[in-house]
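Single-letter residue listing:
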Amino acid sequence: MTGAMKQITITLLMLIFTSTEANTSANWMQCNETAPGCSCTWINGIKTANCQNASFNDIPQGLSSEISSLILDNNEIPVLRNETFERAGLINLQKLSMKNCRIRDIEKTAFAGLSIIIEINLSNNQIQNLDPSLFARAEKLRVVNLSNNSVETLPDGLFAGFKFLQRIELDGNKISLIGNKTFDNSLKVRNINLNDNQLTYLNKSVFGEFASRLDTLQLKNNPWKCDCRLRDFIKWYVSMRHFNSGSIACKEPKNMLNATWRYMQLDQLVCETIVNGTSQGIGSESTSAPDAAP
């Protein structure tokens, strides 16, 4: 083959490659044809499928596996079934937003196949129960938003063992119980929002080794029972100067109603006991809150 022929061959191959790339790009962007109700485009350098307000009742089929960000806000998807994203071929998702989708139940392996996802937003739904291994397969996870749901318990292991997890939004739920191993060995967590829940007691041990490295731990608008069992936790929390302890107030007992953590005296935190029919206050520095969850 002469030099001229080689050059022509190379040029033809480059044209074929360029054409194939263009077709591939065009295919993922034409998702409204394969997944009616969705529009696909580049957003901040990420291949994004915008499927919000499209009356979906399940994860849409027909989207390209190249999609990295999926927006499904304001649909009606009451249940996330096992392997639902994997079956849809969406194994390259990095961001998932399902705000206000009326989600009630999430099956144990719903997020199977999402091994590179870094952000999941499930806020403003009706979720009550979270399986301990729900996020276990999302090893790269950095941000989880479960704000404004109906979650009551954070079980052991739910946010445990994540190497990259940094922020967890849990405000606006009904959380009253947190397992002692819920956050076990997730050492990069820096921000946890537990505002507007039903917490009455909490142990520092719940947050394990990263407790002293937290940038924010938001706890306001919970019905805190400020007695001797909460003393050690309040003492630690107030010592973390960058925490907003001035915004957290007691709900019980009556003599501590609306007392803010920052300005109270620790010797005010006593537990009542009945001796010979008389109520007496007791308390000691070693008295701690009961385990948050079984």
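None of the values given here were measured: they were computed from a predicted structure.

Rules behind the numbers
- Residues numbered from 1 in each chain as written.
- Predicted model: local features only at pLDDT ≥ 70, side-chain atom pairs only at ≥ 80, totals over all residues.
- Heavy atoms only, no water.
- Helix = DSSP H or I, 4+ residues; strand = E, 2+ residues; numbered from the N terminus.
- Buried < 20%, exposed > 50% of the residue type's maximum accessible area, 1.4 Å probe, protein only.
- Contact = heavy atoms within 4.5 Å.
- Areas by Shrake-Rupley, 256 points an atom, 1.4 Å probe, with all protein chains shown as cover.
- Polar contact = N/O pair within 3.5 Å; in protein donor to acceptor, adjacent residues only side chain to side chain.
- 1 Å grid on protein atoms, 1.4 Å probe; cavity = no way out; pocket = protein on both sides within 12 Å on 5 of 7 lines; lining within 4 Å.
- Points joined across faces, edges and corners; volume = space filled by probe spheres on them.
- Nonpolar A, V, L, I, M, F, W, Y, C, P; charged D, E, K, R; others polar.
- Phe/Tyr/Trp six-rings, centres within 6.5 Å; stacked < 30°, edge-to-face > 60°.
- Salt bridge = Lys/Arg side-chain N within 4 Å of Asp/Glu carboxyl O.

Asker: Would you explain the overall build of the protein chain in this entry?
Answerer: Per the secondary structure count, the protein chain includes 4 helices and 17 strands. Taken across its 294 residues, the protein chain has 41% of its residues classed as buried. Sequence-distant contacts in the protein chain: of pairs separated by 6 or more residues, those separated by 24 or more amount to 56%. Accessible surface, the protein chain as shown: approximately 15000 Å² in total, 48% of it carbon and sulfur.

Asker: Help me understand the side chain of Asn-222, please; the structure alone is not making it clear to me.
Answerer: Among the secondary structure elements, Asn-222 is positioned in the loop between strand 13 (216-218) and strand 14 (224-225). Judged by its relative accessible area of 6%, Asn-222 falls in the buried class. Of note is the side chain of Asn-222, whose polar atom sits 3.1 Å from the backbone oxygen of Leu-194. Among the polar contacts listed, one links the side chain of Asn-222 to the backbone nitrogen of Gln-198, at a separation of 3.2 Å.

Asker: Is there a simple way to explain the layout of surface pockets in this structure?
Answerer: Remark: the empty space left among the atoms is shown by a probe the size of a water molecule rolled over them. Volume-wise, the largest pocket comes out at about 220 Å³. At the level of secondary structure, the elements contributing two or more residues to the lining of the largest pocket comprise strand 2 (46-50), strand 3 (69-71), strand 5 (95-97) and strand 7 (119-121). Looking at the lining of the largest pocket, its residues break down into 5 nonpolar, 5 polar and 3 charged. Taken together, 14 residues line the second largest pocket, and the ones lying closest to its centre are Ala-136, Glu-139, Gly-161, Phe-162 and Lys-163. For the lining of the second largest pocket, the per-class residue count stands at 8 nonpolar, 3 polar and 3 charged.

Asker: Explain the packing of aromatic side chains here, please?
Answerer: To describe a pair of aromatic rings, one takes the distance between the centres and the angle between the planes. The final tally for this structure, using the stated rule, is 15 aromatic pairs. Both rings, one in Phe-159 and one in Phe-183, keep their centres 5.9 Å apart while their planes meet at 10°; by these two values the pair is stacked. Within this pair, whereas Phe-159 is found in the loop between strand 9 (153-154) and strand 10 (167-169), its partner Phe-183 is found in the loop between strand 11 (177-178) and strand 12 (191-193), the two being separated by 24 residues in sequence. Of the residues examined, Phe-159 reaches a relative accessible area of 1% and is grouped as buried.

Asker: How do you make sense of the pattern of salt bridges when you look at a structure like this?
Answerer: Close approach of charged atoms allows side chains of opposite charge to pair. Using the criterion set out here, one finds 6 salt bridges in the structure. Linking Glu-66 and Lys-47 is a salt bridge whose minimum nitrogen-to-oxygen distance equals 2.4 Å. Of the two residues, Glu-66 is situated in the loop between strand 2 and strand 3 and Lys-47 in strand 2; the sequence distance between them amounts to 19 residues. For Lys-47, a relative accessible area of 17% translates into the label buried. Across the salt bridge formed by Asp-73 and Lys-99, the nearest N and O atoms sit 3.9 Å from each other. Of this pair, Asp-73 sits in the loop between strand 3 and strand 4 (79-80) while Lys-99 is found in the loop between strand 5 and strand 6 (105-106), placing the two residues 26 residues apart along the sequence. With a relative accessible area of 7%, Asp-73 lands in the buried category.

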